Amino acid sequence: MDTNIGSLDSCKPTSNDVCCPANGTVSTIQGSVSPTIINSSEATLGRHLARRLVQVGISDVFSVPGDFNLTLLDHLIAEPGLNLIGCCNELNAGYAADGYARSRGVGACVVTFTVGGLSVLNAIAGAYSENLPLICIVGGPNSNDYGTNRILHHTIGLPDFSQELRCFQTVTCYQAVVNNLEDAHEMIDTAISTALKESKPVYISISCNLPAIPHPTFAREPVPFSLSPKLSNKIGLEAAVEAAAEFLNKAVKPVLVGGPKLRVAKACEAFVELADASCYAVAVMPSGKGLVPEHHPHFIGTYWGAVSTAFCAEIVESADAYLFAGPIYNDYSSVGYSLLLKKEKAIIVQPDRVVIGNGPAFGCVLMKDFLRELAKRLKHNNTAYENYHRIFVPEGQPLKAAPKEPLRVNVLFQHIQKMLSSDSAVIAETGDSWFNCQKLKLPPGCGYEFQMQYGSIGWSVGATLGYAQAVPEKRVIACIGDGSFQVTAQDVSTMLRCGQKTVIFLINNGGYTIEVEIHDGPYNVIKNWNYTALVDAIHNGEGKCWTAKVFCEEELIEAIETATGAKKDCLCFIEVIVHKDDTSKELLEWGSRVSAANSRPPNPQ
């Protein structure tokens, strides 16, 4: 039985007991289950947690050891269905769990109390912003220390163990502090099921002296739990569909735009069904790239205001009606609040709510149900797509490089485009890679991920580690700027230990280019590294690794031929040297508009 917990790609669970139907909620147990009674010495909290992780589809857990979690790690290692992956630091472990959850549907990391928990916190916040089910497990203090006036190491020196919990309360949807065995079973199960149900991170703290102690509540194999599926209010659904159909059927040139919350709503297939039935022009918001098939016959590109792909913004903004499915409008996605959209023309469909123009709003209506029912009620209307097709002019090719001419970024991405297939996936780091990767045309089945809402530089190194570990059959192509790489470079080491075959393009332009285009200053210039030599040092003769430094197109072509040929089973690191001012035109436009939004003067009091 396939499961599809929170992701686009189906994955095989290690147990047949937990089923995830098309709406992405874990359903009731399929068939009869006869839990086996296990040896009393193995009836431990640690074993129960390990089995639960396997049940929901996790086969790799990213960790950093610390004295409070060591016994727990022993039990995770002992679980045959789990692979414990040690990361270089907690931040990267969290980023790796983030990348893993994007591909597998749920991820997990394990760190130690406070000093590890506060270090991983930034990655958990990013996962929260992207609606990813991530289970953050912390090895906590000895249960006997709770309620005492003792001061523990790894804390800020106060007899208060709640600092870490209070921090996690703002970036997780459920928190479980397990410091006794009586209710540990229920707390762990509630946390994991809540992560799946809400598609958000959860926090589980487990006292360091508890994982190995047998307890009767763990005497059987974990009984698969079931989550009540979310249901649409039928009357509200019918009313929303009727109002939307009337709104759209009277429009002359309506369009559809897919947003990032298609993922959490498990509505990607329903969105395509609506596009097929309506024949509307179909665009995607930048943070929704990869969630809508770009080979769809009516796909017109990325809608990103002034920095949209060619001719897309003109079609969307000139439409007399547009349906946005799962959008997030922030200052980045709206290019400094400069989108030329009108509320009265828009239908906004969120995971459980529909708003039509300036008029009615319908709650308790699931996006997937709404899109599928709406598809049955819309008239065919391909006017907007015909208009797009009429004005479309194919992209020009970059100017041909002279022999040994310094490499240009547009030439680099022309060659990356040729590498893409159904067996690849693209990870785009925060920065100019956002804009260059947006212009890549994704073949059917090609994965694509980036972190737009949180935009944490360095995210891509850990996320590449986690994503590649989740789908070893795909070759991940990561596009990372030098400034971002310096934040999290260490876990190239973990990629090598795991035998991954990722291709990393390190774009070396000497600074934080995206910040330069928003507001320049000496702080945007970084110390240049010999990046290939660094990766060679990390490699240190252990594992399969190949590096190259390229300065011109001829060297790039040769490097890509090697990476996809003789070194296709290696981790390939290609450092690309480009001019510090060589950026996409989209970044220049976007940066000026975001800068204008950031520098607005205070409103008069």
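Residues numbered from 1 in each chain as written. Predicted model: local features only at pLDDT ≥ 70, side-chain atom pairs only at ≥ 80, totals over all residues. Heavy atoms only, no water.

1. Quick look at the overall build of the protein
Rules: Each helix is a run of H or I in the DSSP string that is no shorter than four residues. Each strand is a run of E no shorter than two, and both are numbered from the N terminus. Radius of gyration means the value over C-alpha atoms here, while the globule rule gives 2.2 Å times the residue count to the 0.38 power. Each residue is assigned to one of three classes by its accessible area relative to the maximum for its type, calculated with a 1.4 Å probe on protein chains only: buried under 20%, partly exposed between the two thresholds, exposed over 50%. Any pair of residues with heavy atoms lying within 4.5 Å of one another is described as a contacting pair. The Shrake-Rupley method, run with a 1.4 Å probe, gives the accessible areas here. Residue values count only the displayed protein chains as cover.
When you go through the protein residue by residue, the secondary structure sums to 20 helices and 19 strands. The C-alpha atoms of the protein give 25 Å as radius of gyration, which agrees with the globular expectation for 605 residues (25 Å, within 12%). Projected onto its principal axes, the C-alpha coordinates of the protein cover approximately 70 × 65 × 60 Å. Across the 605 residues of the protein, 58% fall into the buried class. If you take every contact in the protein between residues at least 6 apart in sequence, the share linking residues at least 24 apart comes to 75%. Approximately 24100 Å² of the protein is accessible, and the part contributed by carbon and sulfur atoms is 53%.

2. Some details on the sheet that holds strand β1 (residues 60-63)
Rule in force here: Between any two strands, at least two bridges found by DSSP are needed for them to pair. Axes here refer to lines fitted to C-alpha atoms; in helices the fit is confined to the stretch in contact. Angles between the N-to-C directions go from 0 to 180 degrees.
If you walk across this open sheet you meet the 6 strands as β2-β1-β3-β4-β6-β5, and the pairing is parallel. Looking at the sheet topology across the chains shown, the edges are occupied by β2 (83-86) and β5 (175-178). Pairs of neighbouring strands in the sheet enclose a mean axial angle of 20°, with direction left out of account. Two strands pair when backbone bridges link them, and β5 and strand β6 (residues 202-207) are joined in this way by 4 bridges, in the parallel orientation. The partner of V177 across the bridge, within β6, is S205.

3. Observations concerning the UniProt feature "domain: Thiamine pyrophosphate enzyme central" (unreviewed entry) in the protein
As a reminder, the rule being used: UniProt positions are given in the numbering used here, feature names are shortened, and annotations may be inferred rather than shown by experiment.
Mapped onto this numbering, the UniProt entry gives "domain: Thiamine pyrophosphate enzyme central" (unreviewed entry) at residues 241-359. Secondary structure across residues 241-359 divides into 22% helix and 21% strand, with the first and last C-alpha atoms of the span separated by 14 Å.

4. What to know about the packing of aromatic side chains
The geometry of two aromatic rings is summed up by the distance between their centres and the angle between their planes. The test is simple: Between 30 and 60 degrees the pair is tilted, below 30 it is stacked and above 60 it is edge-to-face, where a pair is any two Phe, Tyr or Trp rings, Trp via its six-membered ring, whose centres lie within 6.5 Å.
Under the defined criterion, the tally for this structure stands at 22 aromatic pairs. Taken together, a centroid distance of 5.8 Å and an interplanar angle of 70° make the contact between F311 and F392 edge-to-face. Linking F311 in the loop between β9 (299-302) and α9 (312-317) with F392 in the loop between α11 (383-391) and α12 (409-419), this pair joins segments that are 81 residues apart in sequence. Judged by its relative accessible area of 23%, F311 is partly exposed. Both rings, one in F485 and one in Y531, keep their centres 6.0 Å apart while their planes meet at 70°; by these two values the pair is edge-to-face. On the criterion of sequence distance, the pair formed by F485 in helix α15 (residues 482-488) and Y531 in helix α18 (residues 531-539) is long-range, its members being 46 residues apart. For F485, a relative accessible area of 0% corresponds to the buried category. Judged by relative accessible area, which is 0%, Y531 ranks as buried.

5. Description of empty space enclosed by the protein
Inclusion rule: Think of a 1 Å grid over just the protein atoms. A cavity is a set of points where a 1.4 Å probe fits yet cannot get out, a pocket is an open set with protein on both sides within 12 Å along at least five of seven lines, and lining residues have an atom within 4 Å of a point. Grid points are joined across faces, edges and corners, and a volume is the space filled by probe spheres set on the points.
With the rule as written, the count across this model stands at 3 cavities of 30 Å³ or more. Estimated volume of the largest cavity: approximately 220 Å³. Along the wall of the largest cavity there are 20 residues; nearest its centre are T430, G431, D432, G481 and T513. Elements with a minimum of two residues in the lining of the largest cavity: α13 (432-438), α15 and α17 (513-518).

6. A word on helix α19 (residues 553-564)
Selection criterion: Expected span of a helix: the number of residues minus one, times 1.5 Å. The directions considered for the arc run from the helix axis to the C-beta atoms.
Relative to the 16 Å expected for 12 residues at 1.5 Å per residue, α19 spans 16 Å between its end C-alpha atoms, a close match to the ideal helical length. Buried within α19 we find E553, L556, A559, I560 and A563. Seen end-on, α19 carries its buried residues on one side only, within an arc spanning 120°. What points out from α19, more than 90 degrees from its buried face, is the exposed set E558 and E561.

7. Section: the state of the cysteines
Counted only if it meets this: Put simply, a disulfide is two cysteine sulfurs that come within 2.5 Å.
As enumerated under the stated definition, the model contains 0 disulfides in all. Distance from the sulfur of C88, which forms no disulfide, to the nearest cysteine sulfur (C87) is 7.1 Å. Residue C572 stays outside any disulfide, its sulfur separated by 5.6 Å from that of C570, the closest cysteine.

8. A word on the UniProt feature "domain: Thiamine pyrophosphate enzyme N-terminal TPP-binding" (unreviewed entry) in the protein
In this numbering, the UniProt entry assigns the feature "domain: Thiamine pyrophosphate enzyme N-terminal TPP-binding" (unreviewed entry) to residues 44-149. Across residues 44-149, helical content stands at 45% and strand content at 20%; the span's end C-alpha atoms are separated by 29 Å.

9. Describing the pattern of salt bridges
Condition: The rule for a salt bridge is simple: a side-chain nitrogen of Lys or Arg has to be within 4 Å of a carboxyl oxygen of Asp or Glu.
Summed over all chains, the structure comprises 21 salt bridges. A salt bridge links E130 to R102, with the shortest nitrogen-to-oxygen separation between them at 3.3 Å. Taken together, the residues span a long stretch of sequence, with E130 in the loop between α4 (117-129) and β4 (134-140) and R102 in helix α3 (residues 90-104) at a distance of 28 residues. Of the two residues examined, E130 and R102, each falls in the buried class. A salt bridge links E273 to R372; the shortest N-O distance between them is 3.1 Å. On the criterion of sequence distance, the pair formed by E273 in helix α8 (residues 268-278) and R372 in helix α10 (residues 367-375) is long-range, its members being 99 residues apart. Using a relative accessible area of 35% as the deciding quantity, one classes E273 as partly exposed.

10. A few points about the layout of surface pockets
The cut-off we apply is this: Residues are sorted three ways: Asp, Glu, Lys and Arg are charged, Ala, Val, Leu, Ile, Met, Phe, Trp, Tyr, Cys and Pro are nonpolar, and all the rest, Gly among them, are polar.
As a volume, the largest pocket reaches approximately 920 Å³. E395, G396, N410, K439 and E586 are the residues nearest the centre of the largest pocket, which is lined by 36 residues in total. Those elements giving two or more residues to the lining of the largest pocket turn out to be α9, α12, α13 and α20 (585-598). Sorting elements by how many residues they give to the lining of the largest pocket places α12 first, with 6 residues. In the lining of the largest pocket, the residues fall into 15 nonpolar, 13 polar and 8 charged.

11. Let's talk about α18
For α18, the complete set of buried residues consists of Y531, T532, V535 and H539. Down the axis of α18, the buried side of the element spans an arc of 100°, and every buried residue falls inside it. Against α15, α16 (492-497), β17 (503-508), β18 (545-550) and β19 (571-577) lie the buried residues of α18. Looking one or two places after α18, you find N540, whose phi comes out positive at around 55°.

12. Some details on the nonpolar core
Short version of the rule: Nine residue types can take part in a nonpolar core, namely buried Ala, Val, Leu, Ile, Met, Phe, Trp, Tyr and Cys, and a core is a set of them joined through side-chain atoms within 4.5 Å.
F62, L412, F413, F485, F505, I574 and W590 are the most contacted members of the largest nonpolar core, which totals 101 residues. Those residues in contact with I574 that lie beyond four places of it in its chain are V503, I504, F505, L506, W546, A548, V550, A559 and A563. If you look at the next biggest cluster of nonpolar residues, it comprises 38 residues, including A275, V284, V354 and M367.

13. A few points about the pairing of β2
To keep things clear, this is the line we draw: Clockwise travel from the first strand over the helix to the second, with the strands pointing away from the viewer, marks a crossover as right-handed.
Bridge analysis of β1 against β2 gives 4 bridges, and the strand direction is parallel. Among the inter-strand pairings, S63 is bridged to a residue of β2, identified as G86. The handedness of the β1 to β2 crossover, carried by helix α2 (residues 70-78), is right-handed.

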